[in-house]
Amino acid sequence: MQKLRTVITVVTQFICLCTSRHLQEDQCWVATYNGELILSPCFDDSRCRCNNTTADCSSNNGLLTYVPRLSFDVQVFNFSSNNLSHIPDGFFSNVSQVWLLDLCQNGLTSLSPRAFQELQNLTTLFLNDLQNNRLFDFPQTCDQVTGESFFPNLEQLLLNKNMISSIKDPIHSISYDTFSSFVSLESLYLYGNLMKFLPDGCFSALKKLKVLSLNNNFISVISMDTFAQETRYSLKKIDLSGNPFYCSCDIRWFKEWLSTRPKTFGNYGQEGYMCDNIPNTQVQLFRINDQACLLGHAAAALNIAVIIIVLIVFIISIVFFRYRWHLRLVMYEAFHHRGAQEGQLRHFTYDVFVGYAEEDRKWVMQELLPVVEGQWNLRACVHERDFVPGKHIVDNIADCVHDSRKILMVFSPDYARSEWCQFELKYCQCCVMDRDEVLVLVLLHETESRDMTSAMFAVMKTTTYIEWADTVDARNSFWGRLSRALDCVINP
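How each quantity is defined
- Residues numbered from 1 in each chain as written.
- Predicted model: local features only at pLDDT ≥ 70, side-chain atom pairs only at ≥ 80, totals over all residues.
- Heavy atoms only, no water.
- Helix = DSSP H or I, 4+ residues; strand = E, 2+ residues; numbered from the N terminus.
- Buried < 20%, exposed > 50% of the residue type's maximum accessible area, 1.4 Å probe, protein only.
- Contact = heavy atoms within 4.5 Å.
- Areas by Shrake-Rupley, 256 points an atom, 1.4 Å probe, with all protein chains shown as cover.
- Patch = residues over 30% accessible without salt bridge, like charges linked within 9 Å, V, L, I, M, F, W, Y side chains within 5 Å.
- Salt bridge = Lys/Arg side-chain N within 4 Å of Asp/Glu carboxyl O.
- Lys, Arg positive; Asp, Glu negative; His and termini not counted.
- Charge placed at Lys NZ, Arg CZ, Asp CG, Glu CD.
- Pairing = 2+ DSSP bridges.
- Polar contact = N/O pair within 3.5 Å; in protein donor to acceptor, adjacent residues only side chain to side chain.
- Expected span 1.5 Å × (residues − 1).
- Bend = angle between axes of the 7 residues up to and from the residue.
- Axes fitted to C-alpha atoms, helices over the stretch in contact; angles between N-to-C directions.
- Core = buried A, V, L, I, M, F, W, Y, C linked by side-chain atoms within 4.5 Å.
- Right-handed = clockwise from strand over helix to strand, strands pointing away.
- Arc of directions from axis to C-beta.

Enquirer: How would you summarise the overall build of the chain if you had to cite specific residues and measurements?
Expert: Within the chain, the regular secondary structure consists of 16 helices and 17 strands. Here the chain, with 492 residues, has 47% of them falling under the buried criterion. A sequence separation of at least 24 residues applies to 66% of the contacts in the chain between residues at least 6 apart. Element-wise, carbon and sulfur atoms account for 54% of the exposed surface of the chain, whose accessible area totals about 25100 Å².

Enquirer: If you had to explain unusual backbone geometry to someone new, which residues and values would you point to?
Expert: Within the chain, Asn61 stands out as a residue other than glycine whose phi angle is a positive 50°. With respect to the secondary-structure elements, Asn61 resides in the loop between strand E3 (54-56) and strand E4 (76-78). Here Asn83, not a glycine, exhibits a phi torsion of approximately 55°, which is positive. Within the secondary structure, Asn83 is located in the loop between E4 and strand E5 (86-87).

Enquirer: Which residues make up a negative patch on the surface, and what values go with them?
Expert: On the surface, a cluster of negative charge is contributed by Glu446, Glu448, Asp451 and Glu467. Tracing the sequence through the fold places Glu446 in the loop between strand E16 (439-443) and helix H14 (454-462).

Enquirer: Before we move on, could you go through the pairing of strand E1 (residues 40-43) and cite the residues and values that matter?
Expert: Two elements, E1 and strand E2 (residues 48-50), share 3 bridges in a ladder whose sense is antiparallel. Looking at the pairing, Ser40 lines up with Cys50 of E2. Following E1, the chain reverses through 4 residues before pairing antiparallel with E2; Asp44 in that reversal takes a positive phi of roughly 45°.

Enquirer: Hey, could you go over the side chain of Asn106 for me, with residue numbers and the actual values?
Expert: Looking at the secondary structure, you find Asn106 in the loop between strand E6 (100-102) and strand E7 (110-111). On the basis of relative accessibility, which here comes to 4%, the residue Asn106 falls in the buried class. Within the structure, Asn106 has its side chain in polar contact with the backbone nitrogen of Asn82 (distance 2.7 Å). In this structure the side chain of Asn106 is engaged in a polar contact, spanning 2.9 Å, whose partner is the backbone oxygen of Leu103.

Enquirer: Talk me through helix H9 (residues 361-375); I want residue IDs and the actual numbers.
Expert: Its 15 residues place the ends of H9 19 Å apart at the C-alpha level, agreeing with the 21 Å of an ideal helix rising 1.5 Å per residue. At Leu369, H9 shows its largest kink, close to 45°, and the proline Pro370 lies no more than four residues downstream. Trp363, Val364, Leu368, Leu369, Val371 and Val372 are the residues of H9 that are buried. Count one or two residues on from H9 and you reach Asn377, which has phi positive near 55°.

Enquirer: Before we move on, could you go through the sheet that holds strand E9 (residues 156-158) and cite the residues and values that matter?
Expert: Strands sit in the order E1-E2-E3-E4-E6-E8-E9-E10-E11-E12 across an open sheet of 10 strands; the sheet is mixed. The two strands at the open ends of the sheet, each matched to only one other strand, are E1 and strand E12 (237-239). Between one strand axis and the next, the sheet turns through 10° on average, direction left out of account. When E6 meets strand E8 (residues 124-126), the two strands line up parallel, connected through 3 bridges. What sits directly across from Leu100, in E8, is Thr124.

Enquirer: Could you give me a rundown of the pattern of salt bridges, with the residues and numbers involved?
Expert: The final tally for this structure, using the stated rule, is 9 salt bridges. Among the salt bridges present, the one from Glu230 reaches Lys207, with a minimum N-O distance of 3.9 Å. In this pair, Glu230 is assigned in helix H4 (residues 229-234) and Lys207 in the loop between strand E10 (187-189) and strand E11 (211-213), connecting sequence segments 23 residues apart. An identical accessibility class is assigned to Glu230 and Lys207; each is exposed.

Enquirer: How would you explain the nonpolar core if you had to name every residue and give the values?
Expert: Phe77, Phe92, Phe227 and Phe254 are the most contacted members of the largest nonpolar core, which has 61 residues in total. Of the residues forming this core, the biggest block, 4 residues, is contributed by helix H5 (residues 252-260). Among all residues touching Phe92, those that are not within four sequence positions of it are Val67, Phe77, Ile87, Leu101, Leu103, Ala115, Phe116, Glu118 and Leu119. In terms of nonpolar packing, the next biggest core, distinct from the first, is built from 29 residues, Cys381, Tyr415, Ala416 and Val459 among them.

Enquirer: Give a description of the pairing of E16 that names residues and reports values.
Expert: Within a regular strand, the side chains alternate between the two sheet faces. Taking burial as the measure, the 5 residues of E16 include 5 buried ones, the bulk of the element. Of the two faces of E16, the one lined by Leu439, Leu441 and Leu443 and the one lined by Val440 and Val442 are each fully buried. As paired strands, strand E15 (residues 404-411) and E16 are joined by 5 bridges and run parallel to one another. Among the inter-strand pairings, Ile407 is bridged to a residue of E16, identified as Leu439. Where E16 lies against strand E17 (residues 465-467), 3 bridges are found, and the strand directions are parallel. Pairing of Leu443 across the sheet is with Glu467, part of E17. Each parallel crossover has a hand, and the one from E16 via H14 to E17 is right-handed.

Enquirer: Explain helix H15 (residues 472-485) residue by residue, including any values.
Expert: Residues spaced three or four apart along an α-helix face the same direction, because each turn holds 3.6 residues. Taking 1.5 Å per residue, 14 residues should reach 20 Å; H15 reaches 20 Å between its end C-alpha atoms and fits that length. Regarding H15, the residues found buried are Phe478, Trp479 and Leu482. The arc enclosing the buried residues of H15, seen along the axis, measures out at 90°, which places them on a common side. The exposed set on the far side of H15, more than 90 degrees from its buried face, consists of Asp473, Asn476 and Arg484. Packed against the buried residues of H15 are H9, E15, E16 and E17.

Enquirer: Explain the sheet that holds strand E13 (residues 350-355) to me, and be specific about the residues and the numbers.
Expert: Pairing is parallel in the open sheet, where 5 strands are placed in the order E14-E13-E15-E16-E17. Taken across any chain shown, the strands that pair with only one partner, and hence form the sheet edges, are strand E14 (380-381) and E17. Looking at chain direction, E13 and E14 are connected through 2 bridges and run parallel. Along E14, the bridge assignment pairs Val352 with Ala380.

All we've got here are geometric facts, nothing functional implied.
Listed below in structure tokens is the structure:
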């Protein structure tokens, strides 16, 4: 039995593991025998053929959907070409003693987390595509609680010709943790997949790794940290040929590795390592000036710094433009602030400051001022008449508001759309905090809450407003309420 196992191991290694040329032939284990072993029917009308140590249950094309109970002496188990798209947990419980398992040409798309948990003696596992497997994920490789490996003796893993796109943590990939549980893994075959990127240290956990095949993927850049120095020295054979390498300053270290250890790399002398961005140029012959790379890195850092500064200036400019009126108000308050006590003791130039939108001018001039100034003999301040010509508008607003006993705001949809009106309102809100009961609010036209600014909405929520309506009773009510609101200036 031991002799037969030795023969099988030698044949398997010769066909599938020895040289890059044989690796590219994409053969399953069963293709290597062709009469070298005498197998007899051992289950259900020749669906499985066996000898003392080998069981071949392949090529049933979907007619065999489970693993039969076979002799405990079986060490090599072939279950390829059975249209097996999914492997559930415990599937191999009847052959838990095997050390070689062939599952190629099954059309596999998924594996349950504990699909191989029973196979503690497994040393060689064939999951390569050979035109049919479409494996995206690899199963759970260790117990999540105890950390015990499900593959303690696995030495050779063939995953070539699947659809693995990357070696990292997200789904549709193989993670760092997947490999870290293969404590005995010596050979790993990942050629012919869809990988574009190898993360740093993804093979560092494989302390016994000697053979690594990553050829014919889509890897363009390899970081120096991908292969730790210990990993580079332990590898006896590595194949990265057939990948679209991007030759630049970042690939210099890889070029040096290629040149110093040519016998380690598969297809080294067969134009297998070509620059994808430079026609007809091999990676090992790529030349670039070290000083140019240093200047390039410095220029790149400078460009990044300039871009960051430009973005910061751009964002600050947008913020300043968006809140320019608020900033003007803050600046004015910082440089022209007068205390509350000073405002209460000083003489006021105006009895009431009237803030309104230009579109509401007609109502102010024809309805409001004739009563306020004509009947109640109050001195009203309106911007178009009382602002000082040539004086900055911000200073005009601030001084007139400060010099008025009362502030009367005329709210309307047009008021909500006016930036100057919103500036006036913001400044008046500051005055309200210093002087109690100074703000009088008139709602000239109904304004939807969605059209109001946050400042208008806040004032209307905290201040009782007087609503205007053009009927006799409503007008009488309006003037009565307004006179009470201004009583302290009408009857000082």
